[in-house]
Amino acid sequence: MIDKLAGEPRLRVALQKSGKLSEGSIELLNKCNFNLHPLKNHYLIHSRELNTDFLMVRDDDIPGFIDSRVCDIGIIGENLFVEYQLSGRNQNVEIISRLKFAHCRLSIAVTVDGLIKTIADLNGKTIATSYPAILKDYLYKNNISANIIVMHGSVELAPKIGIAQAVCDLVSTGTTLKENGLIELAVLLESEAVLVGHRECTSDVQSIIRELDFRFQSVIKAKNKKYIMLHIEKAKLGLLKDILPGCEAPTILELHGYPDKVVVHVVSEDTLFWNTITNLKKIGASSILSIAIEKMMD
Ligand code: ATP
Ligand code: ZN
């Protein structure tokens, strides 16, 4: 999009206004130097950073906005992207990159004490879902003939209120299913937040998109990583690889006054951190420092 006043290209980004993608999207953007604090009545936010404007909308509208070039890019769940593609509406929206948040899966679930035990038992039954195209595709591929009813919310209540014998809904921890007496029967799709754009992106905003995605990936790469510094005997260096996940190429420095020891600097995965510290101590590591990493660039 060209800003008529300044004559400079401006990037239009569509974000979910409120819901399970909003917080993660804003958090990611703010780590990339955007200072966004959207209020309830903010639908369009102009940012000086990278000449970017944000449109705050329902997630369902985002693929269509990109398809029709109302927006250049957007953040949606992969589940919505696939649904849009399979519904035949889109030939122009594509995934630019994966954003590693809002992980969930689309699953078929049935009542715990019901008669449906296998997917073959779904033959002739009714399934409620907000994702009819993905479900239709799955049923077709598995040679199952079932009725689909479309609901745009509270899908998990469908069996309880007697309008379907099964649901096809998004699951993350499974708590909502459990609370409604449902159990997962099959996973149709694993999903996470994705950055999407138009297949034929206009050249005036292409460089801004590249820069934005470079920043996203730098922040994502640093997630769950720690910069670790420690002292250790030279003889024990070989043991470090097994203890520090991702420790492929540590920096090793001399430690003045201690010829048998060295200083090790390394970037490591953070997921098992306290266990890692215990194991490091066991092999005699000392002066251990662990620092959170904000961004990582190649
Ligand atoms: P809107 O009002 O914008 O239409 P919505 O009710 O359709 O919102 P949300 O429930 O906010 O949508 O979910 C948005 C997206 O977040 C989903 O499409 C999915 O990709 C992801 N998502 C859904 N549930 C979860 C969950 N429990 N954990 C993580 N991500 C989820
Ligand atoms: Zn929605």
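Throughout what follows, the structure given in this document is the object of discussion. Throughout, residues of each chain are indexed from 1 in the direction in which the sequence is written. To label them, take the chains in the order written and letter them from A, then take the ligands in the order written and number them from 1. Totals for whole chains, interfaces and linings use every residue, but because this is a predicted model, local features are given only for residues with pLDDT of at least 70 and side-chain atom pairs only at 80 or more, for both listing and counting. Processing note: side-chain calculations cover all non-hydrogen atoms of the structure and skip hydrogens and water entirely.

## As for the overall build of the protein
And then number 1: Within the protein one finds eight helices and 15 strands.
And then number 2: Based on C-alpha atoms, the radius of gyration is set beside the globule rule, defined as 2.2 Å times the residue count to the power 0.38. Taken over C-alpha atoms, the radius of gyration comes to 25 Å for the protein, far larger than the 19 Å a tight globule of 298 residues would show.
And then number 3: The dimensions of the protein, computed from C-alpha atoms along their principal axes, are 80 × 60 × 35 Å.
And then number 4: At a minimum sequence separation of 6, the contacts of the protein that also span at least 24 residues come to 70%.
And then number 5: Surface accessibility in these figures is a Shrake-Rupley result with a 1.4 Å probe; residues are shielded only by whichever protein chains are displayed. Surface exposure of the protein reaches about 16,400 Å², of which carbon and sulfur atoms provide 53%. Segments assigned H or I by DSSP are reported as helices when at least four residues long, segments assigned E as strands when at least two residues long, and all are numbered from the N terminus. A contact between two residues is defined here by any heavy atoms of the two lying within 4.5 Å.

## What about the site of ligand 1?
And then number 1: One heavy atom within 4 Å of a molecule or strand makes the whole residue count as near it. Lining the immediate environment of ligand 1, one finds 16 residues, of which Gln16, Lys20, Arg58, Asp60 and Asn79 sit closest.
And then number 2: For the purposes of these results, a polar contact is taken to be a pair of N or O atoms within 3.5 Å, where, inside protein, one atom must be able to donate a hydrogen and its partner to accept one; residues adjacent in sequence count only when each atom of the pair is a side-chain atom. Between ligand 1 and the protein, one listed contact pairs an oxygen atom with a side-chain N or O atom of aspartate 60 at 2.7 Å.
And then number 3: The fraction of the free accessible surface of ligand 1 (640 Å²) that becomes covered by protein chains is 76%.
And then number 4: Here the residues of the shell around ligand 1 are counted per class, giving five nonpolar, seven polar and four charged.
And then number 5: Reported domain spans reflect what an automatic or database domain assignment gives. There are two domains that each give the shell around ligand 1 at least three residues, and those are domain 1 (2-102 + 192-222) and domain 2 (104-191). Only Asp, Glu, Lys and Arg are considered charged in this grouping, and only Ala, Val, Leu, Ile, Met, Phe, Trp, Tyr, Cys and Pro are considered nonpolar; every other residue, Gly among them, is considered polar.

## Quick word on the nonpolar core
And then number 1: Core analysis: the biggest nonpolar cluster contains 32 residues, and Leu122, Ile127 and Leu188 have the highest contact counts within it.
And then number 2: In contact with leucine 188, not counting residues within four places along its chain, are Leu106, Ser107, Ile108, Ile134, Leu135, Tyr138 and Cys168. Nine residue types can take part in a nonpolar core, namely buried Ala, Val, Leu, Ile, Met, Phe, Trp, Tyr and Cys, and a core is a set of them joined through side-chain atoms within 4.5 Å. Between buried and exposed lies partly exposed: a residue is buried under 20% and exposed over 50% of the maximum accessible area for its type, with that area taken using a 1.4 Å probe on protein chains only.

## Describing the sheet that holds strand 12 (residues 225-233)
And then number 1: On the basis of which strands lie adjacent, the open sheet formed by four strands has the order 13-14-12-15 and antiparallel pairing. Two strands close off the open sheet at either side, each with one partner strand: strand 13 (251-254) and strand 15 (286-292). The average undirected angle you get between the axes of adjacent strands in this sheet is 20 degrees.
And then number 2: Here five bridges tie strand 12 to strand 15, and the two strands are oriented antiparallel to one another. Within strand 15, the position partnered with lysine 226 by the bridge is alanine 292.
And then number 3: Here helix 8 (residues 273-282) sits on the sheet in contact with strand 12 and strand 15, set at roughly 160 degrees to strand 15. If DSSP finds at least two bridges between two strands, the strands pair. Think of each axis as a best-fit line through the C-alpha atoms, taken over the contacting stretch in the case of a helix, with angles from 0 to 180 degrees between the N-to-C directions.

## Quick word on the sheet that holds strand 7 (residues 126-129)
And then number 1: Here we have five strands laid out as an open sheet, ordered 8-7-9-6-10, and mixed in their pairing. Since the sheet does not close on itself, it has two edges, and those belong to strand 8 (147-150) and strand 10 (182-191), each with one partner. Neighbour to neighbour, the strand axes of the sheet diverge by 25 degrees on average, direction disregarded.
And then number 2: As judged from the eight bridges shared by strand 6 (residues 104-111) and strand 10, these two strands associate in the antiparallel manner. When the sheet's bridge partners are listed, arginine 105 is paired in strand 10 with glutamate 190.
And then number 3: The strands that helix 3 (residues 78-86) touches are strand 9 (166-171) and strand 10; relative to strand 10, the one it contacts most, it runs at about 80 degrees.

## Considering unusual backbone geometry
And then number 1: With a phi close to 50 degrees, leucine 50 is a non-glycine residue in the positive phi region.
And then number 2: Along the chain, leucine 50 turns up in the loop between strand 2 (44-47) and strand 3 (52-57).
And then number 3: Phi is positive for serine 154, close to 50 degrees, though the residue is something other than glycine.

## Section: the pattern of salt bridges
Oppositely charged side chains can pair when the atoms bearing their charge come close.
And then number 1: Whenever Lys or Arg places a side-chain nitrogen within 4 Å of a carboxyl oxygen from Asp or Glu, that contact is recorded as a salt bridge. According to the stated counting rule, one finds twelve salt bridges in the structure shown.
And then number 2: Here arginine 98 makes a salt bridge to glutamate 78, at a shortest N to O gap of 2.9 Å. With arginine 98 in strand 5 (residues 93-98) and glutamate 78 in helix 3, this residue pair connects regions lying 20 residues apart in the sequence.
And then number 3: Of the residues examined, glutamate 78 reaches a relative accessible area of 12% and is grouped as buried.

## Here we look at the coordination of the zinc ion (ligand 2)
And then number 1: Every protein donor of the zinc ion (ligand 2) is accounted for by Asp59 (OD) and Asp60 (OD), and the metal-donor separations fall at 1.9 to 2.1 Å.
And then number 2: Atoms of type N, O and S within 2.8 Å of a metal are treated as its donors, and for Na, K and Ca the window is 3.2 Å; water is not considered, so some sites may appear to be missing partners. In these descriptions, tetrahedral denotes four donors with every angle between 85 and 135 degrees, square planar four donors and octahedral six donors with opposite donors over 155 degrees apart and the rest between 65 and 115, and irregular any other case. Here the zinc ion (ligand 2) binds four donor atoms, and the angle range of 75 to 169 degrees at the metal identifies the geometry as irregular.
And then number 3: Residue classification places aspartate 59 among the buried residues on the basis of a relative accessible area of 18%.
And then number 4: Among the residues examined, aspartate 60 registers a relative accessible area of 39% and is labelled partly exposed.

## Regarding the environment of asparagine 35
And then number 1: Tracing the chain through its elements places asparagine 35 in the loop between helix 1 (22-31) and strand 2.
And then number 2: According to the relative accessible area criterion, asparagine 35 is exposed, its value standing at 64%.
And then number 3: As a C-alpha pair, asparagine 35 and arginine 48 span 13 residues in sequence and 9.6 Å in three-dimensional space.

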